[in-house]
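Here's the letter readout for the chains.
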Amino acid sequence: MREPTWFVWSRRVGLTLLAAFALLPVWVMVSTSLKPLGDVQGEFRWIPSHVTVQPFVDMWRTIPLAHYFVNSIVVSVVASCASVVIALFAAYAVSRYRFRGRGLFSVTVLSTQMFPGILFLLPLFVIFVNISRVTGVDLYGSRLGLIITYLTFTLPFSIWMLVGYLDSVPKELDEAAEVDGNGPIGAFLRVVVPAAVPGIVAVLIYAFMTAWGEVLFASVLTDDSTRTLAVGLQGYATQNNVYWNQIMAASLTVSVPVVVGFLLLQRYLVAGMTAGAVK
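*Asks:* I keep staring at the overall build of the protein chain and nothing clicks. Help me out?
*Replies:* Each helix and strand counted, the protein chain has 14 helices and 0 strands in total. The linear arrangement of helices and strands in the protein chain, starting from the amino end, is α-α-α-α-α-α-α-α-α-α-α-α-α-α. For the protein chain, whose C-alpha radius of gyration is 23 Å, the value lies well above the compact-globule estimate of 19 Å for 279 residues. Across its three principal directions, the C-alpha atoms of the protein chain cover 70 × 70 × 35 Å. Here the protein chain holds 279 residues, and 36% of them are scored as buried. Contacts in the protein chain between residues at least 24 apart in sequence constitute 74% of all its contacts with a sequence separation of at least 6. About 16100 Å² of surface is accessible on the protein chain, with carbon and sulfur atoms providing 70% of the total. If you average the places of the 17 positive and of the 14 negative side-chain charges in the protein chain, the two averages end up 5 Å apart.

Below, the structure is given as C-alpha coordinates:
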(Lines give C-alpha, C1' and ligand atoms only; values in the text may rest on other atoms or scores of the structure.)
Protein backbone atom coordinates (compact mmCIF):
# COMPACT_ATOMS: atom_id res chain seq x y z
CA MET A 1 0.00 0.00 0.00
CA ARG A 2 1.37 3.38 -1.01
CA GLU A 3 1.92 5.87 1.78
CA PRO A 4 -0.03 9.17 1.64
CA THR A 5 1.89 12.14 0.25
CA TRP A 6 1.37 14.20 3.39
CA PHE A 7 2.86 11.41 5.49
CA VAL A 8 5.95 11.13 3.27
CA TRP A 9 6.61 14.87 3.39
CA SER A 10 5.98 15.13 7.13
CA ARG A 11 8.44 12.32 7.68
CA ARG A 12 11.03 14.06 5.51
CA VAL A 13 10.57 17.34 7.36
CA GLY A 14 10.79 15.59 10.73
CA LEU A 15 13.97 13.73 9.80
CA THR A 16 15.50 16.93 8.41
CA LEU A 17 14.78 18.83 11.62
CA LEU A 18 16.14 15.95 13.69
CA ALA A 19 19.34 15.84 11.61
CA ALA A 20 19.76 19.62 11.91
CA PHE A 21 19.27 19.41 15.68
CA ALA A 22 21.95 16.70 15.91
CA LEU A 23 24.45 18.37 13.55
CA LEU A 24 24.12 21.93 14.87
CA PRO A 25 26.41 21.39 17.90
CA VAL A 26 28.96 19.71 15.61
CA TRP A 27 28.99 22.74 13.34
CA VAL A 28 29.43 25.10 16.30
CA MET A 29 32.36 22.96 17.44
CA VAL A 30 33.98 23.00 14.00
CA SER A 31 33.48 26.73 13.43
CA THR A 32 34.74 27.62 16.90
CA SER A 33 37.87 25.51 16.44
CA LEU A 34 38.72 27.54 13.31
CA LYS A 35 38.42 30.96 14.98
CA PRO A 36 41.04 33.06 16.79
CA LEU A 37 40.38 33.37 20.51
CA GLY A 38 39.39 37.02 20.13
CA ASP A 39 36.59 36.11 17.71
CA VAL A 40 35.32 33.40 20.05
CA GLN A 41 35.09 35.81 22.98
CA GLY A 42 33.38 38.48 20.88
CA GLU A 43 30.03 38.42 19.12
CA PHE A 44 28.99 34.91 18.13
CA ARG A 45 29.13 34.17 14.42
CA TRP A 46 27.99 30.97 12.73
CA ILE A 47 30.66 31.34 10.03
CA PRO A 48 34.21 32.35 11.07
CA SER A 49 35.27 35.74 9.72
CA HIS A 50 38.94 34.77 10.09
CA VAL A 51 39.65 31.08 9.48
CA THR A 52 42.79 29.76 11.18
CA VAL A 53 44.19 26.37 12.12
CA GLN A 54 46.34 27.83 14.89
CA PRO A 55 44.10 26.37 17.65
CA PHE A 56 44.95 22.88 16.35
CA VAL A 57 48.64 23.75 16.77
CA ASP A 58 48.39 25.51 20.13
CA MET A 59 46.23 22.83 21.76
CA TRP A 60 49.25 20.50 22.03
CA ARG A 61 51.29 23.14 23.88
CA THR A 62 48.70 24.57 26.27
CA ILE A 63 48.28 21.23 28.05
CA PRO A 64 50.09 17.88 27.65
CA LEU A 65 47.34 16.62 25.35
CA ALA A 66 49.46 13.85 23.83
CA HIS A 67 50.18 12.43 27.29
CA TYR A 68 46.48 12.45 28.18
CA PHE A 69 45.73 10.83 24.84
CA VAL A 70 48.14 7.98 25.58
CA ASN A 71 46.61 7.50 29.04
CA SER A 72 43.11 7.28 27.57
CA ILE A 73 44.21 4.83 24.87
CA VAL A 74 46.00 2.54 27.35
CA VAL A 75 43.19 2.57 29.91
CA SER A 76 40.39 2.16 27.36
CA VAL A 77 42.07 -0.60 25.33
CA VAL A 78 43.16 -2.65 28.35
CA ALA A 79 39.82 -2.23 30.13
CA SER A 80 37.79 -3.16 27.05
CA CYS A 81 39.96 -6.18 26.16
CA ALA A 82 39.96 -7.44 29.75
CA SER A 83 36.20 -6.96 29.93
CA VAL A 84 35.68 -9.01 26.76
CA VAL A 85 37.95 -11.87 27.87
CA ILE A 86 36.49 -12.17 31.38
CA ALA A 87 32.89 -11.69 30.22
CA LEU A 88 33.31 -14.25 27.44
CA PHE A 89 34.43 -17.03 29.80
CA ALA A 90 31.79 -16.12 32.40
CA ALA A 91 29.01 -15.94 29.80
CA TYR A 92 30.07 -19.27 28.28
CA ALA A 93 29.88 -20.95 31.69
CA VAL A 94 26.42 -19.51 32.38
CA SER A 95 25.15 -20.32 28.89
CA ARG A 96 26.46 -23.88 28.57
CA TYR A 97 26.64 -25.32 32.11
CA ARG A 98 24.10 -25.88 34.86
CA PHE A 99 25.63 -25.35 38.30
CA ARG A 100 24.45 -24.44 41.76
CA GLY A 101 23.97 -20.68 42.10
CA ARG A 102 23.69 -20.11 38.35
CA GLY A 103 20.37 -18.27 38.63
CA LEU A 104 21.56 -16.21 41.60
CA PHE A 105 24.72 -15.26 39.72
CA SER A 106 22.73 -14.11 36.69
CA VAL A 107 20.33 -12.05 38.80
CA THR A 108 23.18 -10.50 40.77
CA VAL A 109 25.06 -9.54 37.62
CA LEU A 110 21.98 -7.88 36.15
CA SER A 111 20.94 -6.18 39.41
CA THR A 112 24.23 -4.30 39.64
CA GLN A 113 23.03 -2.12 36.75
CA MET A 114 20.30 -0.72 39.01
CA PHE A 115 22.72 1.31 41.12
CA PRO A 116 24.16 4.67 40.00
CA GLY A 117 27.92 4.61 39.55
CA ILE A 118 28.53 7.48 41.96
CA LEU A 119 27.61 5.19 44.86
CA PHE A 120 30.82 3.23 44.24
CA LEU A 121 33.12 6.27 44.16
CA LEU A 122 33.84 6.58 47.86
CA PRO A 123 34.10 2.79 48.52
CA LEU A 124 36.54 2.37 45.64
CA PHE A 125 38.60 5.31 46.83
CA VAL A 126 38.82 3.88 50.36
CA ILE A 127 39.64 0.38 49.04
CA PHE A 128 42.41 1.67 46.76
CA VAL A 129 43.99 3.78 49.49
CA ASN A 130 43.98 0.90 51.98
CA ILE A 131 45.35 -1.58 49.44
CA SER A 132 48.18 0.83 48.69
CA ARG A 133 48.92 1.27 52.38
CA VAL A 134 48.88 -2.46 53.20
CA THR A 135 50.45 -4.02 50.10
CA GLY A 136 52.34 -1.14 48.51
CA VAL A 137 50.46 -1.60 45.24
CA ASP A 138 49.49 1.86 44.06
CA LEU A 139 45.94 1.69 42.73
CA TYR A 140 44.93 5.23 43.57
CA GLY A 141 46.31 7.62 40.99
CA SER A 142 47.37 4.80 38.64
CA ARG A 143 46.21 3.43 35.32
CA LEU A 144 45.71 -0.01 36.89
CA GLY A 145 43.27 1.38 39.44
CA LEU A 146 41.29 3.14 36.74
CA ILE A 147 41.19 -0.03 34.62
CA ILE A 148 39.85 -2.04 37.57
CA THR A 149 37.26 0.68 38.20
CA TYR A 150 35.99 0.56 34.64
CA LEU A 151 35.83 -3.23 34.76
CA THR A 152 33.35 -2.97 37.64
CA PHE A 153 31.04 -1.02 35.33
CA THR A 154 31.44 -2.84 32.05
CA LEU A 155 31.65 -6.47 33.18
CA PRO A 156 28.06 -6.99 34.42
CA PHE A 157 26.44 -5.65 31.25
CA SER A 158 29.03 -7.43 29.07
CA ILE A 159 28.32 -10.78 30.74
CA TRP A 160 24.58 -10.30 30.45
CA MET A 161 24.74 -9.39 26.77
CA LEU A 162 27.13 -12.22 25.87
CA VAL A 163 25.00 -14.78 27.71
CA GLY A 164 22.06 -13.83 25.52
CA TYR A 165 24.22 -14.01 22.40
CA LEU A 166 25.84 -17.36 23.27
CA ASP A 167 22.41 -18.82 23.99
CA SER A 168 21.61 -18.17 20.32
CA VAL A 169 24.65 -20.21 19.21
CA PRO A 170 23.49 -23.86 18.82
CA LYS A 171 24.98 -26.22 21.37
CA GLU A 172 25.26 -28.81 18.62
CA LEU A 173 28.31 -26.89 17.39
CA ASP A 174 30.07 -27.57 20.70
CA GLU A 175 29.12 -31.25 20.57
CA ALA A 176 30.32 -31.57 16.97
CA ALA A 177 33.65 -30.00 17.89
CA GLU A 178 34.07 -32.37 20.83
CA VAL A 179 33.30 -35.34 18.58
CA ASP A 180 36.13 -34.14 16.32
CA GLY A 181 38.52 -34.44 19.26
CA ASN A 182 38.35 -30.99 20.86
CA GLY A 183 37.92 -30.56 24.57
CA PRO A 184 35.57 -27.99 26.13
CA ILE A 185 38.21 -25.25 25.86
CA GLY A 186 39.09 -26.20 22.29
CA ALA A 187 35.42 -26.21 21.26
CA PHE A 188 34.98 -22.85 22.95
CA LEU A 189 37.97 -21.21 21.27
CA ARG A 190 37.66 -22.79 17.82
CA VAL A 191 33.89 -22.90 17.35
CA VAL A 192 31.98 -20.71 19.80
CA VAL A 193 34.26 -17.67 19.77
CA PRO A 194 34.29 -17.34 15.93
CA ALA A 195 30.50 -17.70 15.91
CA ALA A 196 30.17 -15.01 18.59
CA VAL A 197 32.27 -12.34 16.83
CA PRO A 198 29.36 -9.83 16.45
CA GLY A 199 28.57 -10.08 20.16
CA ILE A 200 32.24 -9.78 21.11
CA VAL A 201 32.66 -6.68 18.95
CA ALA A 202 29.52 -5.13 20.46
CA VAL A 203 30.86 -5.69 23.98
CA LEU A 204 34.28 -4.37 22.95
CA ILE A 205 32.78 -1.14 21.57
CA TYR A 206 30.58 -0.67 24.62
CA ALA A 207 33.45 -1.17 27.07
CA PHE A 208 35.82 1.05 25.08
CA MET A 209 33.37 3.94 24.79
CA THR A 210 32.47 3.69 28.47
CA ALA A 211 36.11 3.97 29.50
CA TRP A 212 36.95 6.63 26.87
CA GLY A 213 34.32 9.17 27.90
CA GLU A 214 34.05 8.60 31.66
CA VAL A 215 34.73 11.75 33.72
CA LEU A 216 33.66 11.35 37.36
CA PHE A 217 35.92 8.48 38.45
CA ALA A 218 38.80 9.64 36.26
CA SER A 219 38.73 13.07 37.92
CA VAL A 220 38.95 11.57 41.43
CA LEU A 221 41.11 8.46 40.99
CA THR A 222 43.87 9.95 38.79
CA ASP A 223 46.66 12.48 39.25
CA ASP A 224 48.61 14.68 36.84
CA SER A 225 50.58 11.76 35.41
CA THR A 226 47.61 9.42 34.82
CA ARG A 227 44.94 11.95 33.83
CA THR A 228 42.79 10.96 30.85
CA LEU A 229 41.46 13.09 28.02
CA ALA A 230 37.98 13.47 29.48
CA VAL A 231 39.51 15.17 32.53
CA GLY A 232 42.55 16.74 30.88
CA LEU A 233 40.43 18.93 28.60
CA GLN A 234 39.58 20.98 31.69
CA GLY A 235 43.16 22.27 31.57
CA TYR A 236 42.22 24.70 28.80
CA ALA A 237 40.27 26.69 31.38
CA THR A 238 42.84 28.70 33.37
CA GLN A 239 42.35 31.23 36.14
CA ASN A 240 42.56 34.13 33.70
CA ASN A 241 41.12 32.73 30.48
CA VAL A 242 39.23 29.91 28.78
CA TYR A 243 40.66 28.79 25.43
CA TRP A 244 37.38 27.83 23.83
CA ASN A 245 38.84 27.47 20.36
CA GLN A 246 41.48 25.05 21.60
CA ILE A 247 38.88 23.11 23.60
CA MET A 248 36.82 22.63 20.45
CA ALA A 249 39.88 21.74 18.37
CA ALA A 250 41.01 19.18 20.94
CA SER A 251 37.50 17.75 21.24
CA LEU A 252 37.33 17.28 17.49
CA THR A 253 40.78 15.71 17.36
CA VAL A 254 40.09 13.14 20.06
CA SER A 255 36.57 12.39 18.77
CA VAL A 256 37.45 11.60 15.16
CA PRO A 257 39.23 8.24 15.83
CA VAL A 258 36.38 7.01 18.03
CA VAL A 259 33.68 8.08 15.58
CA VAL A 260 35.48 6.49 12.63
CA GLY A 261 36.00 3.24 14.54
CA PHE A 262 32.36 3.22 15.60
CA LEU A 263 31.14 3.73 12.03
CA LEU A 264 33.37 0.94 10.73
CA LEU A 265 32.13 -1.52 13.37
CA GLN A 266 28.54 -0.33 13.56
CA ARG A 267 27.09 -3.37 11.79
CA TYR A 268 28.73 -5.69 14.34
CA LEU A 269 27.41 -3.55 17.19
CA VAL A 270 23.82 -3.68 15.92
CA ALA A 271 23.97 -7.41 15.20
CA GLY A 272 25.58 -8.21 18.55
CA MET A 273 23.22 -6.13 20.67
CA THR A 274 20.14 -7.39 18.79
CA ALA A 275 21.09 -11.04 19.20
CA GLY A 276 22.17 -10.52 22.79
CA ALA A 277 18.96 -8.78 23.81
CA VAL A 278 16.55 -11.28 22.24
CA LYS A 279 16.86 -14.96 23.09
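*Asks:* Can you help me understand helix H1 (residues 5-33) in this one?
*Replies:* Note on helix geometry: an α-helix contains 3.6 residues per turn, so any two residues three or four positions apart are oriented the same way. Here H1 spans 42 Å end to end across 29 residues, near enough to the 42 Å set by a 1.5 Å rise per residue. Along H1, the sharpest change in direction is near 35° and occurs at Leu23; proline Pro25 comes one to four residues later. Here H1 has its buried residues at Val8, Ser31, Thr32 and Ser33. For H1, the elements touching its buried residues are helix H2 (37-41), helix H3 (54-62) and helix H13 (244-264).

*Asks:* Before we go on, may I ask you to explain the pattern of salt bridges in this structure?
*Replies:* Going through the model one piece at a time under the given rule, you end up with 2 salt bridges. Note that Arg61 and Asp58 form a salt bridge whose closest N and O atoms lie 2.6 Å from each other. Of this pair, Arg61 and Asp58 both sit in helix H3, 3 residues apart, which is roughly one turn of the helix. When the shortest N-O distance is used, the salt bridge between Asp224 and Arg227 registers 2.7 Å. By relative accessible area, which is 55% here, Asp224 ends up exposed.

*Asks:* When you look at the environment of Thr152 in this model, what are you seeing that I'm missing?
*Replies:* Along the polypeptide, Thr152 turns up in helix H7 (residues 143-167). Relative accessible area serves as the criterion here: at 40%, Thr152 is assigned to the partly exposed category. Reaching out from Thr152, the side chain makes a polar contact with the backbone oxygen of Thr149 at a distance of 2.4 Å.

*Asks:* For this particular structure, what's the right way to read the side chain of Ser33?
*Replies:* Position of Ser33 relative to the elements: it lies in helix H1. Each residue touching Ser33, except ones within four places of it in the same chain, is listed here: Thr52, Pro55, Phe56, Asn245, Met248, Ala249 and Leu252.

*Asks:* What is the right way to read helix H6 (residues 121-135) from this model?
*Replies:* The end-to-end C-alpha separation of H6 is 21 Å, in line with the 21 Å expected for 15 residues at 1.5 Å each. Looking at H6, one finds that the buried residues are Leu121, Leu124 and Phe128. Taken end-on, H6 shows its buried residues confined to a sector of 70°, consistent with a single buried face. Of the exposed residues in H6, those oriented more than 90 degrees away from the buried face are Leu122, Arg133 and Val134. For H6, the elements touching its buried residues are H7 and helix H11 (216-221). Taken from the residues just after H6, Gly136 is the one with a positive phi, measuring 85°.

Rules used throughout
Residues numbered from 1 in each chain as written. Predicted model: local features only at pLDDT ≥ 70, side-chain atom pairs only at ≥ 80, totals over all residues. Heavy atoms only, no water. Helix = DSSP H or I, 4+ residues; strand = E, 2+ residues; numbered from the N terminus. Rg over C-alpha atoms; globule rule 2.2 N^0.38 Å. Buried < 20%, exposed > 50% of the residue type's maximum accessible area, 1.4 Å probe, protein only. Contact = heavy atoms within 4.5 Å. Areas by Shrake-Rupley, 256 points an atom, 1.4 Å probe, with all protein chains shown as cover. Lys, Arg positive; Asp, Glu negative; His and termini not counted. Charge placed at Lys NZ, Arg CZ, Asp CG, Glu CD. Expected span 1.5 Å × (residues − 1). Bend = angle between axes of the 7 residues up to and from the residue. Salt bridge = Lys/Arg side-chain N within 4 Å of Asp/Glu carboxyl O. Polar contact = N/O pair within 3.5 Å; in protein donor to acceptor, adjacent residues only side chain to side chain. Arc of directions from axis to C-beta.

Keep in mind these values describe shape, not function.
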